[in-house]
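Examining the three-dimensional arrangement
One letter stands for each residue in the lines below.
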Amino acid sequence: MTKVLVATEKPFAAEAVTAIKEIVDHAGFEFALLEKYTDTAQFLDAVKDADAIIIRSDQVTPQVIDAAKQLKIVVRAGAGYDNVDLAAASAHDIVVMNTPGQNANAVAELALGMMIYHARGLFTGKPGSELRGKTIGLHAYGNVSKQVSRLAEGFEMEVLAYDPYIEKEKRGLFDCEFVDTAEELYSRCKYVSLHMPANGETKSSVNYALLTKMPKNAVVVNTARKEVINETDLLRIFEERDDINYLSDVAPDCAAEMLEKYPGRVFFTPKKMGAQTGEANVNAGIAAANQIEAFLKEGDRTFQVNK
Ligand code: 3PG
């Protein structure tokens with residue numbers, strides 16, 4: 001019997017697991033669940049007879065691929081697939097997909113939530129500031145950015161965006177002002193919200209040259225990946241300027257140093273929680289299960305990322 005394994009170190013909300021199981025059962029497949037595993041060995045053991053797996057930020061390494069002798073498809077229930085070794089999957093003819101957009105609203109709400117929390121002095125009771133009338137720059141314009149833009153407009157913020165992959169002719173389709181360079185985005189915006197995937201091009205790309213352009217009391221909001229910011233440069237700009245702020249889901253490697261040296265200017269979530277809502281889990285989980293059924297029964301490769 002075709003086996004679909006949900007392998008999530010950080011579990012889905014219970015209602016998402018129920019919804020996934022229903023789809024898997026209805027499709028006539030076998031459902032298996034591995035949650036909160038503490039050792040890779042448990043993952044390696046669970047994948048050995050799985051035909052399909054649904055994961056979150058779980059690491060699908062060459063070792064996992066090797067152990068999964070029957071595996072045909074991996075669906076990352078979420079947007080970023082930097083946790084999956086695409087080359088290893090492709091070498092074994094395994095299809096990898098994501099579920100783009102399904103958790104975008106949850107991540108966007110967290111970005112705005114962190115901004116408000118910070119603007120109000122981390123809810124300590126001292127006078128803070130408002131988002132209304134402030135400028136926010138979206139660095140990369142994908143599904144999450146579109147939701148941040150929509151919410152920021154509700155707060156009457158001015159929304160700018162920079163994305164070299166959106167052609168000039170298409171920019172008019174969106175409700176924000178596109179700028180031509182990252183430098184312009186960082187120079188014009190009090191808030192810059194990061195939304196690029198983590199890859200060879202973007203890792204460490206938010207660097208000193210960009211950060212130093214930011215106006216007084218600027219805030220960098222990172223709900224993308226910790227790797228996209230250059231931490232040496234981040235520490236350097238914090239050292240040089242006492243008005244820069246950094247809010248991140250999840251904590252950078254230099255978190256302990258920053259929290260100690262710069263209280264009030266930094267905030268980090270303890271565990272990546274942008275997509276950690278029941279709604280996002282249900283949306284992404286259902287999409288993942290449906291994509292697996294469509295692929296295994298009809299060969300539907302929509303959303304394949306290792307083409
Ligand atoms: C994503 O890439 O979709 C988000 O970072 C969510 O990751 P998570 O499923 O591990 O919460």
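Before any of the text, the structure's been laid out above.
Residues numbered from 1 in each chain as written. Predicted model: local features only at pLDDT ≥ 70, side-chain atom pairs only at ≥ 80, totals over all residues. Heavy atoms only, no water.

**Comments concerning the environment of methionine 97**
Its location among the elements puts methionine 97 in strand 5 (residues 95-98). Measuring from C-alpha to C-alpha, the distance between methionine 97 and valine 305 comes to 5.3 Å, with 208 residues separating the pair along the chain. (Helix = DSSP H or I, 4+ residues; strand = E, 2+ residues; numbered from the N terminus.)

**Describing the site of the ligand**
As a matter of local geometry, the ligand sits amid Lys10, Arg56, Ser57, Arg76, Gly78, Ala79, Gly80, Asn103, Arg225, Lys272 and Ala275. Arginine 56 is positioned with one of its side-chain polar atoms (N or O) 3.0 Å from an oxygen atom of the ligand. Within the contact set of the ligand, an oxygen atom lies 2.8 Å away from a backbone nitrogen or oxygen of glycine 80. In the complex, 96% of the free accessible area of the ligand, which totals 320 Å², lies under the protein chains. Residue classes in the shell around the ligand are distributed as 2 nonpolar, 4 polar and 5 charged. (Near = heavy atom within 4 Å. Polar contact = N/O pair within 3.5 Å; in protein donor to acceptor, adjacent residues only side chain to side chain. Areas by Shrake-Rupley, 256 points an atom, 1.4 Å probe, with all protein chains shown as cover. Nonpolar A, V, L, I, M, F, W, Y, C, P; charged D, E, K, R; others polar.)

**Examining the sheet that holds strand 3 (residues 52-55)**
With parallel pairing, the 5 strands of this open sheet are ordered in space as 2-1-3-4-5. Two strands close off the open sheet at either side, each with one partner strand: strand 2 (30-35) and strand 5. Across the sheet, the axes of successive neighbouring strands diverge by a mean angle of 15°, strand direction being ignored. Here strand 4 (residues 73-76) pairs with strand 5 via 4 bridges, running parallel. Residue pairing across strands places arginine 76 opposite asparagine 98, the latter belonging to strand 5. Sheet contacts for helix 1 (residues 14-26): strand 1 (3-8), strand 2 and strand 3; angle to strand 2, the most-contacted strand, approximately 155°. Across the sheet, helix 11 (residues 278-298) touches strand 1, strand 3, strand 4 and strand 5, and the angle it forms with strand 4 is around 155°. (Pairing = 2+ DSSP bridges. Axes fitted to C-alpha atoms, helices over the stretch in contact; angles between N-to-C directions. Contact = heavy atoms within 4.5 Å.)

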